[in-house]
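# Understanding the architecture of this molecule
The residues making up each chain are set out below.
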Amino acid sequence: MRIADAEFWSHDFELAEPYTIAYQTYDRATNYFVQLTDTSGLSGYGCASPAEEVTGESFSDCASALDDACLVLPGITSLEQLRGADDLESPPAATAAIEMAWLDLAARQQRIPLHAFLGAEAKPMPTSITIGISGLAETRARGADFVKRGFRALKVKGGRDVELDVARMLALREDLGVAIDLRFDANEGYDLPAAIRFLDATRVAALSVVEQPLSRDRVAEMAELRARASRAKGPRPALIADEAVLEEDDARPLVDAAAIDGAVIKLMKCGGIRAAQQIDSLASERGLRCMVSCMDEAALAIAAALSFALAAKCCVWIDLDGHLDLLNDPTTGALALSEGFLSPADGHGLGVTPKR
């Protein structure tokens, strides 16, 4: 494969419903789309959604990296050539978008879907859908609405008020019964006493996952929290790291300290599918479980994450709802959603050409 042309452009979305997490409220999103065209005229597409608060990559950083890459890409015949280009910055979302476009193009050349290119079979996977930080009544109403719409896994954001968070999770379990998978994400919002309080008080709610309860630098405290939770009687949720694990090397000290049961893998956080595969391999070696998740991303990028999840060894959960609230998504055909289950498109590569 030889690249003849490379370009990128930005696309702004409004959210159908704003949502709040521990450190920010979101009401809009910007993605960058990448198009790589080979010498035969066939194109592949990628998508970037930088998250400065998590990775340090600003929108201007991402755009600058994509601009530089598009100057270098014509004539490139392998991703290794691009990675070896001198003085080319590689922030994670920009890297993920370029790699995504490359893999999409490679799969299109072989006339197979991306998940098949990665060695996976297509099957529907149940995704969680997110309830942002909100009051008790709104949490209950949104939970009931999502279940009515067919979702069987809910991820609830919190981390600002532990007592309210406890009340919300207990209420959802009471309202929805044991058949619904309940997950909680504190986005680094708790200190150790609050995290202990939350785990102790919600044990009866049988949560499956508690995500990043403490700040990413609190490795010893995470280990203490996990050890304490493990000593208590009965089942406990998996304690998994998100903001603390950007790439494979970040996971190793957490694993060595026995601080986590697993990690959240996001293509925009680690730098694409190859980097995600490295985290997955480490998880497999060390007995961890992984969640494949996302930022606010167009369906094209979510489809790439789903393709990776289908091929991953250690993916137990997916949280791929980042496209569902985006208005005017030019890539909606990349995924099918039915009763809370996501399936990839049937076409070649990622199965969709972004509308411009």
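Each value, and the rule that gives it
- Starting from 1, residues in each chain are numbered consecutively following that chain's sequence as written.
- It should be noted that, the model being predicted, local features are given only for residues of pLDDT at least 70 and side-chain atom pairs only at 80 or more, the latter also being counted only at that level, while totals for whole chains, interfaces and linings use all residues.
- Only hydrogens and water are set aside; all other atoms, that is, all heavy atoms of the structure, feed into the side-chain values.
- The pairing criterion for strands is at least two bridges between them, as found by DSSP.
- Only DSSP runs of H or I reaching four residues or more are called helices, and only runs of E reaching two or more are called strands; each is numbered from the N terminus.
- Viewed with both strands pointing away, a crossover whose connecting path from the first strand over the helix to the second turns clockwise is right-handed.
- The axes are straight lines fitted to the C-alpha atoms, using for helices just the contacting stretch, and the angles between their N-to-C directions are given from 0 to 180°.
- Throughout, the term roughly parallel applies to angles under 35 degrees, roughly antiparallel to angles over 145, roughly perpendicular to angles from 65 to 115, and oblique to all others.
- By the definition used in this description, the sense in which the near helix is turned from the far one sets the handedness, with an anticlockwise turn below a right angle giving left-handed and a clockwise turn giving right-handed.
- Note on definitions: a residue-residue contact is assigned when non-hydrogen atoms from the two residues lie within 4.5 Å.
- For each residue, the accessible area found with a 1.4 Å probe, counting protein chains only, is set against the maximum for its type, and the residue is called buried under 20%, exposed over 50%, and partly exposed in between.
- We count a salt bridge whenever a side-chain nitrogen from Lys or Arg sits within 4 Å of a carboxyl oxygen from Asp or Glu.
- Multiply 1.5 Å by the residue count of a helix minus one, and that product is the helix's expected span.
- Of all possible arcs, the one meant is that of the directions from the helix axis to the C-beta atoms.

Take the pairing of strand S12 (residues 315-318) next. Where strand S11 (residues 289-292) meets S12, three bridges bridge the pair, whose relative direction is parallel. When the sheet's bridge partners are listed, Val-292 is paired in S12 with Ile-318. In the classification by handedness, the crossover that spans S11, the intervening helix H13 (residues 299-311) and the parallel S12 is right-handed.

This part is about the packing of helix H8 (residues 192-202) against helix H9 (residues 219-231). One way to put it is that H8 packs onto H9 with a least axis distance of 11 Å and a crossing angle of 25°. Put simply, H8 runs roughly parallel to H9. Of the two elements, H8 crosses H9, and the hand of that crossing is right-handed. Of H9, the residues touching H8 (which contributes Leu-192, Ala-195, Ile-196, Leu-199 and Asp-200) are Glu-221, Glu-224, Leu-225, Arg-228 and Ala-229.

Let us now look at unusual backbone geometry. Positioned with a positive phi, Glu-188 is a non-glycine residue whose angle comes to about 70°. Residue placement: Glu-188 occurs in the loop between strand S7 (181-185) and H8. One non-glycine residue, Glu-339, lies in the positive phi region at around 50°. Looking at where Glu-339 falls in the secondary structure, it is placed in the loop between strand S13 (335-338) and strand S14 (341-344). For Glu-339, a relative accessible area of 53% gives the class exposed.

Right, let's get into the sheet that holds strand S2 (residues 24-38). Taking strand neighbours across the sheet as the criterion, the three strands line up as S1-S2-S3 in an open arrangement whose pairing is antiparallel. The open sheet has two edge strands, strand S1 (3-21) and strand S3 (43-48), and neither has a second partner. With strand direction ignored, the average angle separating the axes of adjacent strands in the sheet is 20°. Pairing between S2 and S3: six bridges, direction antiparallel. In the sheet register, Phe-33 faces S3, and the bridge partner there is Cys-47. Each of S1, S2 and S3 touches helix H4 (residues 92-110); the most contacted strand, S3, lies at about 155° to it.

In the structure shown here, the tally under the stated rule is 22 salt bridges. Here Arg-356 makes a salt bridge to Glu-7, at a shortest N to O gap of 3.2 Å. Note that Arg-356 is positioned in the segment after S14 and Glu-7 in strand S1, a separation of 349 residues in sequence. A residue is classified by how much of its surface remains accessible, and Glu-7, at 28% relative accessible area, is partly exposed. Taking the shortest distance from any N to any O, the salt bridge between Arg-274 and Glu-80 comes out at 2.7 Å. Residue Arg-274 is found in helix H12 (residues 273-286), and its partner Glu-80 is found in helix H3 (residues 79-83); the two are separated by 194 residues along the sequence. The network of salt bridges with shared partners includes Lys-155, Lys-157, Asp-185, Glu-211 and Asp-319.

Once that is clear, we can look at helix H6 (residues 136-148). In this model H6 runs 18 Å from its N-terminal to its C-terminal C-alpha over 13 residues, within 8% of the 18 Å that 1.5 Å per residue would give. Among all positions of H6, only Thr-139, Gly-143, Phe-146 and Val-147 are buried. Taken around the axis of H6, the buried residues stretch over an arc of 95°, which confines them to a single face. Facing away from the buried side of H6 by over 90 degrees, the exposed positions are Ala-137 and Lys-148. Looking at the buried positions of H6, the neighbouring elements they touch are strand S5 (129-131), strand S6 (153-157) and helix H7 (162-176). Where H6 ends, the next residue or the one after it, Gly-150, has phi of about 110°, a positive value.

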